[in-house]
Amino acid sequence: MGTTGDYECPSRVAVPPSKPFLKSLQTSLMETFFPDDPFRQFKNQPTSRKFLLGFQYFVPILEWAPRYTFDFFKADLIAGITIASLAVPQGISYASLASIPPIIGLYSSFVPPLIYAMLGSSKDLAVGTVAVASLLVSSMLGKEVSPTGNPQQYVQLVFTATFFAGVFQASLGVLRLGFIVDFLSHATIVGFMGGAATIVCLQQLKGMLGLVHFTHETDVVSVMRSVFGQIHQWRWESAVIGCCFLFFLLLTRYFSKRKAAFFWVNSLAPLTSVILGSILVYLTHAEKHGVQVIGHLKKGLNPLSVSELAFGSPHLMAAIKTGIIIGVIGLAEGIAVGRTFAMFKNYHIDGNKEMIAFGMMNMAGSCTSCYLTAGPFSRTAVNFNAGSKSAVSNIVMATAVMITLLFLTPLFHYTPLVVLSSIIMTAMLGLLDYEAAIHLWKLDKFDFFICLGAYLGVVLGSVEIGLVIALTVSLLRVLLFVARPRTAVMGNIPNSGIYRSMEQYPIANTVPGILILQINAPVYFANASYLRERISRWIYEEEDRLKCEGESSLHYVILDLSAVASIDTSGISMFEEVKKNVDRKGLKLVLANPQSEVMKKLEKSKLIDKIGQEWIYLTVGEAVAACNFMLHTGKSNPVAVDYNAQDSNV
C-alpha cells in the first residue's frame, strides 16, 4: 500500500431511486399490516375463482372439508368424545369460578366450538372456557354488581363483557392489528398465569372447606384472612372429600405424564370424579351434613340472550373494560397454544384468522347465553394426544355437550362443589410453570423480573394490577431497547479482512489511527441524543487510550451503519452534529454500508454532500483500506487517489 497503484478503488454506495409517495406509503402499509401477503393466492385468477378463494379464506372449513376422509372422522370422533368428558366438568367448575350459574359453563361448550370449527385455522385447538378469564370476570365485574345480591344483572354484565371481548378480538383480526397482542411477552404470560393460578387455587379453599361466605378480593392477604377468619365454620366432611379427590386427580395426572399412552386416564379423571362424588353424596346424603352441591340444572339448549346484553347499563364501561382485558388474555393464550401444537404437526395457523374466529365465536356466544371462550392448554393437549385430525373434534365435543344439555343435566344435581374445587385446583397447578421461571432466570434476568413482577402484582395486588405491571415493564424494556441501542468498537480479526465487535471477539485488533464504531439499531428521535453523546464518548475514550499508551493519534472515525435499517430527521440532525464535532477535533468521519433508507435520507437532506460521497463505503474493510492508504501516502482526498489509481492503470 505504499503507492497509488496499490489501492483499488472500491465501488460507490448507490442512492436508491426515489419512489412516488403513494407507492412508498402502499409498500409501508403492506409490510406493516400484510407481512404474510394473504393476497398472493388471488393473483392471475379469474373472478369466480377469486370469489371462491375469498370465501374459503374467511371460512376455512370450506377449504379443507372436501378433502376430509372417514379415517379422519374416526380419529376426530375419539378425540371429540375424550375432550367432551373433560369439557363438562371443567365447564361447570369454571362457571362457578366466574360466579355465574353452572349451566352457563355447559352452554359455553356448545355454540362457540361450532363457530370455531368453521372459522378457525388450527387442527388441534379445543375450544372452551378458561380459568384465568373466569377469575377476571368475577374479580372485575363482581366489584360493580354483586353476583349473589343481584345475579340477573351480574349475568347480563358477563354476557355484555363477552360481546365486547368478541368485538375487540374480531376487530384486531380484521384490521390486521394482531401485533398488539405480541406486547404480552412470554415472560409476562408465565408470571401472569402463575399468579392467577395461585389466587385461583387459594380461592378454592372456600369449596374445599365448605365455607358459605368468602371475600370477593383476589389478593393473597384478603383470601387468607377470609379463610382463617372463619375457622369455626370449616366443614371437615368437605375437607376430607376434597383432599381425597384432589389426591386422585393429581395421581392420575402424574401417571399420565409418566406414560404418555395413558393420556386418557388424566382426561377422564375429572368426569370420573364428578360421577363418583355425585354417587357418594347421593348415597350418604352428605348435602344434609354441610357438603354443598350444584343443585338443579335446567335441561335444554342455550336460550337466546340478545335481549340480556346490557348496552344501557350504568356499568357499561366496566363491561367494556373487562371485555377488552379478557379478550386480550383469551387471544394471547389461545394463539400461543394453537401455534405450539401446530409446530408439532408442522403446519401454520394464521394469527389474524384466529382473532376473527375467536371474536365471532364470542360474539355469537354472548347472544346464546355463553361467556368468554378461548383455547385452554389442558383441553387442547388432550385433543392433540387423542389424535385429532381437524376441527371436527370440536363439533363432536359440541354434539356430546348438546346431548348432555338435552338429557343428562339432572344427573349433576348431587355433584358436590368440593369436587369442582378439586378439579380447578388440579388444572391450576399445571399453570404454575416454575421450570419456565427458572429457565428465564438462567437465560435473561430482565425477563425473569418481568415474570416475577407480573406474578407478585397478581398475588399481592389484583389480577388487573399484575397485568398492568407486566405490560408496563415489558413496554419499558421495549423503550429502553429503542432509546439505548447497543454500540460497539470493532476490530480486525487476525489474518482476515473481517471486522467484528471487540467485546465479542477479544482477539480482534484495533487499527492504528482509526476508530471503528458499530451502531446496532435504527436511529430515531428517541435515541439520537444518546447516540450523539455515546459516539463522542467513544472518541475521547479512544484518544485518552492512545495518549496513555503512546500510540499514534486518531485520524478517522468509521461508523458501521449495516444494522441501521432506518433513520428519521432527528437522526439526520444527530449525524450533522457528529460530523461537526469530528471536524472540530481535526478528524474525518467515514460511513460504511449505509442501508437504502439511510442513503435516501442522507441524499435528500444534502448531508451526503457535507460528508462527501467519497467518504462512504460499501464495507468496513473497504473503508479501513482507504483510510490506511491515505495515512500511508499522505493523501487527503480519496477521490484524487481514486482517479490517480485509475490513470496509472491505463
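Residues numbered from 1 in each chain as written. Predicted model: local features only at pLDDT ≥ 70, side-chain atom pairs only at ≥ 80, totals over all residues. Heavy atoms only, no water.

Caption draft 1: Layout of empty space enclosed by the protein. For the structure on display, the rule yields four cavities of 30 Å³ or more. Here the largest cavity defines a volume of roughly 40 Å³. Every residue lining the largest cavity is listed: Leu184, Thr188, Ile189, Phe192, Met193, Ile329, Ala332, Glu333 and Leu467. Listed by contribution, the elements that provide at least two residues to the lining of the largest cavity are α9 (186-203) and α14 (316-344). Looking at which element gives the most residues to the lining of the largest cavity, the answer is α9, with four residues. Taken together, the residues of the lining of the largest cavity sort by class into seven nonpolar, one polar and one charged. (1 Å grid on protein atoms, 1.4 Å probe; cavity = no way out; pocket = protein on both sides within 12 Å on 5 of 7 lines; lining within 4 Å. Points joined across faces, edges and corners; volume = space filled by probe spheres on them. Helix = DSSP H or I, 4+ residues; strand = E, 2+ residues; numbered from the N terminus. Nonpolar A, V, L, I, M, F, W, Y, C, P; charged D, E, K, R; others polar.)

Caption draft 2: Geometry of helix α22 (residues 525-549). With 25 residues, α22 extends 37 Å from end C-alpha to end C-alpha; this agrees with the ideal 36 Å at 1.5 Å per step. Among all positions of α22, only Asn527, Ala528, Leu531, Arg534, Ile535, Ser536, Trp538, Ile539, Glu542 and Leu546 are buried. Along its buried surface, α22 packs onto α21 (463-483), β1 (487-492), β3 (514-519), β4 (556-560) and α23 (569-584). Backbone geometry just after α22 places Gly550 at a positive phi near 70 degrees. (Expected span 1.5 Å × (residues − 1). Buried < 20%, exposed > 50% of the residue type's maximum accessible area, 1.4 Å probe, protein only. Contact = heavy atoms within 4.5 Å.)

Caption draft 3: Local environment of unusual backbone geometry. Of note, the phi angle at Ser99 is positive, near 65 degrees, even though the residue is not glycine. Here Ser99 shows up in the loop between α4 (70-97) and α5 (102-107). Of note, Asn593 is a non-glycine position whose phi angle comes to about 55 degrees, a positive value. Residue placement: Asn593 occurs in the loop between β5 (588-592) and α24 (596-604).

Caption draft 4: Inspection of the side chain of Thr160 at higher detail. Tracing the backbone through its elements, the reader meets Thr160 in helix α8 (residues 151-174). With sequence-adjacent residues up to four places away left out, Thr160 is seen in contact with Glu308, Leu309, Ala310, Phe311, Leu316 and Ala319.

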